[in-house]
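Architecture and fold: a report
These are the residues of each chain, in order.
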Number of protein chains: 2
Amino acid sequence: MTQTPSHETVRVNLGERSYDIVIGPGLIARAGAEIAARKPGIRCAVITDRNVAAAHLDSLMESLATGGIEAVPLVLEPGEKTKRFDELVKVCDHVLGARLERGDAVVALGGGVIGDLSGFAAGIVRRGMSFIQVPTSLLAQVDSSVGGKTGINSSHGKNLIGVFHQPDLVLADTDVLDTLPIREFRAGYAEVAKYGLIDRPEFFGWLEQNWRDVFAGGAARIRAIATGCQAKADVVAADEREKGARALLNLGHTFGHALEAATDYDGRRLVHGEGVAIGMVLAHEFSARMNLASPDDAARVQRHLSEVGLPTRMADIEGELPATDILMKHIGQDKKVRRGALTFILTRGIGEAFVADDVQADEVFRFLEEKRGS
Amino acid sequence: MTQTPSHETVRVNLGERSYDIVIGPGLIARAGAEIAARKPGIRCAVITDRNVAAAHLDSLMESLATGGIEAVPLVLEPGEKTKRFDELVKVCDHVLGARLERGDAVVALGGGVIGDLSGFAAGIVRRGMSFIQVPTSLLAQVDSSVGGKTGINSSHGKNLIGVFHQPDLVLADTDVLDTLPIREFRAGYAEVAKYGLIDRPEFFGWLEQNWRDVFAGGAARIRAIATGCQAKADVVAADEREKGARALLNLGHTFGHALEAATDYDGRRLVHGEGVAIGMVLAHEFSARMNLASPDDAARVQRHLSEVGLPTRMADIEGELPATDILMKHIGQDKKVRRGALTFILTRGIGEAFVADDVQADEVFRFLEEKRGS
């Protein structure tokens, strides 16, 4: 008989918008009971994509039915391109067509794309309905399921249209992560490690010791996800609408996004979490270069991320990268390039990240020129 | 030399989302100065429709330029059909194409359609930008400019998609109302009178005495609009997300909406404010029928609204109305028709409206059967 790891519950404290994230195995099969216990009489629209549907939709629908919850599923195409207006209209029409009321719920079964899109629809149908997330990727469990950011992409850029809309409940089933490709699990792991690097040095130390167990599943995985959710929840509770401290969550993201853009968001070359991994190493190295932190910390970050199998160097990216000028353009979003000050998340050491709004663009340029070859 | 009536400012108290409604003559010509004083360095996208643009866009753009405010206009087709997803996408693209940031503003120059659509765009671009309203109809000045409801229509019904997004500033130029067709001014007046009927009996008495001055313009008009905005602001401050007391604002609207639906939202037969006028009379008469209020109050409401030239009887609507069964369907939105309890705003007298959630559908049916001929 195997021992069943217990569930952990993280409470996201946002006043009347507070909610629970339940983390543990077998939660899809228990979703109906969990939801019915909290929201008796609720009806649901389940939004998912074709890939996730094949693996988990039947199980979720059965679980909802067992809980006495009426639910109407909508299956969309997988992939980032689903985060667009046309698909948003489709989801809204589906929810309204099912005659759901304000107190009824949109349920997102999937990764970040499905979560962002469904959450946006839940935020605007009837000016805000209940929203329940059943995230099926590690990244969605530790990142997009906390904080209430929802949205779609525009021809002008990613995530430019959306709302803040907090879920009423998140059910993070840790078993489903076993069905993820290892590369996707690793990419999500970069965001887990990020929380240690921001302000939980002891958690980063724990990950260095226990990452193999996190990858293997079981109690260590639940612990890592719960700690990541708690870390993000603490930041979000302090700054729900992203006016200050929440910027710390972008550690590694300025460099990371620039690399994603520089590779045309081609997931075969670089996925988001991989960009963040390289970006976090660069942020630590740049902080050391600015004499803010010890080079030993940067080396330690690089060593750990590399050990779990993540790319940590620009040279790890397959194919050519564009010229540093172009990278700087992506970093500065076409503004203040090579002149003036940029805002970056820098660090004074492991777990001591801070917002630096006076980073000189030419320093960054020189740094990238050097690093791109290494 | 004519005397210039002074401006009035109504503060809508919503914590950190509080804002001012400035009411008075010549505000479009002063918009640049008013905005620049409050939001130095702000940039704007001005959203309007073809009709309003012809009358007021040049004046607003000139005023913004004088205030040193960079602004990019977008002119849409007039009419309710503009409140749809396609047009929302157009507005979002325009705002993003102008490279506006979160602190920059979407400015709505127009009536309720432009305000609802632009406010929705302001609420979702970059997950919420600044929003400034320059309402050009009486209805928009006293109703849609207060409360933060924004949205578009869906094939499933009106205003079913949207967000709550409070403006940062409302500039209600009372001069522009002189260019409104009298029928539209009257329709807006119905909503002004509504605030008296909800909980300000002395205001209703004042309107009975002074309505000709309100129609003529000048200080009485400013007073009436300011009182209406204040009345709505008080209700909204107590119940921003429409969980309770805000329902009082629907006085006359349940019957009114049913009549609008019954006339296929054909503005030639019935516009919103006219439906509300008839609906308010019906709500008072039904309350009298239920022995909740005196028939004299109902007669007084009917007399005043009729005196200003509003329709007050179903028989005042041109053309045939559908059978009472159909009206009941619109009232109950297909639910609980003729059986069970409905929620209505009823009254105990002038200025004593309340939410009644136990109204018997068959009583309403019998009442309408009788009233439709009278």
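In the annotation of an unreviewed UniProt entry, chain A is listed under the name 3-dehydroquinate synthase and assigned to Hoeflea alexandrii. According to UniProt, the comment filed for chain A under the heading Catalytic activity (unreviewed entry) is "7-phospho-2-dehydro-3-deoxy-D-arabino-heptonate = 3-dehydroquinate + phosphate". The Sequence similarities (unreviewed entry) comment attached to chain A in UniProt states, word for word, "Belongs to the sugar phosphate cyclases superfamily. Dehydroquinate synthase family."

This paragraph deals with the overall build of chain A. If you tally the helices and strands in chain A, you get 13 helices and 11 strands. Counting only residues that meet the buried cut, chain A has 59% of its 374 residues in that class. Restricting to contacts in chain A with at least 6 residues of sequence separation, those with at least 24 account for 73%. A total of about 14800 Å² of accessible surface is found on chain A, and carbon and sulfur atoms cover 47% of it. When the 43 positive and 51 negative side-chain charges of chain A are each reduced to one mean point, those points stand 4 Å apart.

All names here are of chain B. Tracing the backbone through its elements, the reader meets Asp 357 in strand 11 (residues 353-360). On the basis of relative accessibility, which here comes to 55%, the residue Asp 357 falls in the exposed class. For the pair formed by Asp 357 and Gly 68, sequence separation is 289 residues and the distance between their alpha carbons is 52 Å.

With that out of the way, let us pick up the UniProt feature "binding site: Zn(2+)" (unreviewed entry) in chain A. All names here are of chain A. UniProt's feature table lists "binding site: Zn(2+)" (unreviewed entry) at Glu 191, His 253 and His 272, given in the numbering used throughout. What stands out for the annotated residues spanning 82 residues is how close their C-alpha atoms remain, the widest pair being 10.1 Å apart. Its place among the elements puts Glu 191 in helix 6 (residues 182-199). Note on Glu 191: relative accessible area 0%, which makes it buried.

Now for helix 11 (residues 295-307) of chain B. Each turn of an α-helix holds 3.6 residues, which means side chains three or four residues apart point in the same direction. Residue and element names in this part refer to chain B. Helix length check: helix 11, at 13 residues, gives a terminal C-alpha distance of 18 Å against a target of 18 Å (1.5 Å per residue), a fit within 8%. Among the residues of helix 11, Asp 297, Ala 298, Val 301, Gln 302, His 304 and Leu 305 are the ones counted as buried. Across the axial projection of helix 11, the buried residues extend over an arc of 170°, all falling on one side. Looking at helix 11, the residues exposed on the side facing more than 90 degrees away from the buried face are Pro 295, Asp 296 and Arg 303. On its buried face, helix 11 sits against helix 6 (182-199), helix 7 (201-216) and helix 10 (272-289). Between the side-chain oxygen at the start of helix 11 and the backbone nitrogen of Asp 296 there is a gap of 2.9 Å, and the oxygen is on Ser 294.

Further remarks concern the interface of chain A and chain B. Facing the 33 residues of chain A at the interface are 33 residues of chain B. Across the interface of chain A and chain B, roughly 2600 Å² is buried in total on both sides, 52% from carbon and sulfur atoms. Sorting the residues of chain A by area buried against chain B places Phe 85, Arg 127 and Leu 160 of chain A first, and these three jointly supply 27% of that buried surface. Counting the contacts that link chain A with chain B gives 7 residue pairs in polar contact (both at pLDDT 80 or more). Looking at the side of chain A that touches chain B, the elements that each hand over two or more residues are helix 3 (85-97), helix 4 (112-124) and strand 8 (157-161) of chain A. Take the side of chain A that touches chain B: its biggest share by element is 7 residues, from helix 3 of chain A. Looking at the side of chain A that touches chain B residue by residue, the class counts come to 12 nonpolar, 8 polar and 13 charged.

A few words on the UniProt feature "binding site: NAD(+)" (unreviewed entry) in chain A. Residue and element names in this part refer to chain A. Within the UniProt annotation, "binding site: NAD(+)" (unreviewed entry) is assigned to Gly 112, Val 113, Ile 114, Gly 115, Asp 116, Thr 136, Ser 137, Lys 149 and Lys 158. The residue Val 113 is located in helix 4 in this model. Beyond its immediate chain neighbours, meaning those up to four positions away, Val 113 contacts Gly 79, Glu 80, Thr 82 and Lys 83. Residue placement: Ile 114 occurs in helix 4. Taking relative accessible area as the criterion, Ile 114 reaches 1% and is therefore assigned buried.

What counts, and at which threshold
- Residues numbered from 1 in each chain as written.
- Chains lettered and ligands numbered in written order.
- Predicted model: local features only at pLDDT ≥ 70, side-chain atom pairs only at ≥ 80, totals over all residues.
- Heavy atoms only, no water.
- UniProt positions renumbered as here; feature names shortened; annotations may be inferred.
- Helix = DSSP H or I, 4+ residues; strand = E, 2+ residues; numbered from the N terminus.
- Buried < 20%, exposed > 50% of the residue type's maximum accessible area, 1.4 Å probe, protein only.
- Contact = heavy atoms within 4.5 Å.
- Areas by Shrake-Rupley, 256 points an atom, 1.4 Å probe, with all protein chains shown as cover.
- Lys, Arg positive; Asp, Glu negative; His and termini not counted.
- Charge placed at Lys NZ, Arg CZ, Asp CG, Glu CD.
- Expected span 1.5 Å × (residues − 1).
- Arc of directions from axis to C-beta.
- Polar contact = N/O pair within 3.5 Å; in protein donor to acceptor, adjacent residues only side chain to side chain.
- Buried area = accessible area lost by both parts, 1.4 Å probe.
- Nonpolar A, V, L, I, M, F, W, Y, C, P; charged D, E, K, R; others polar.

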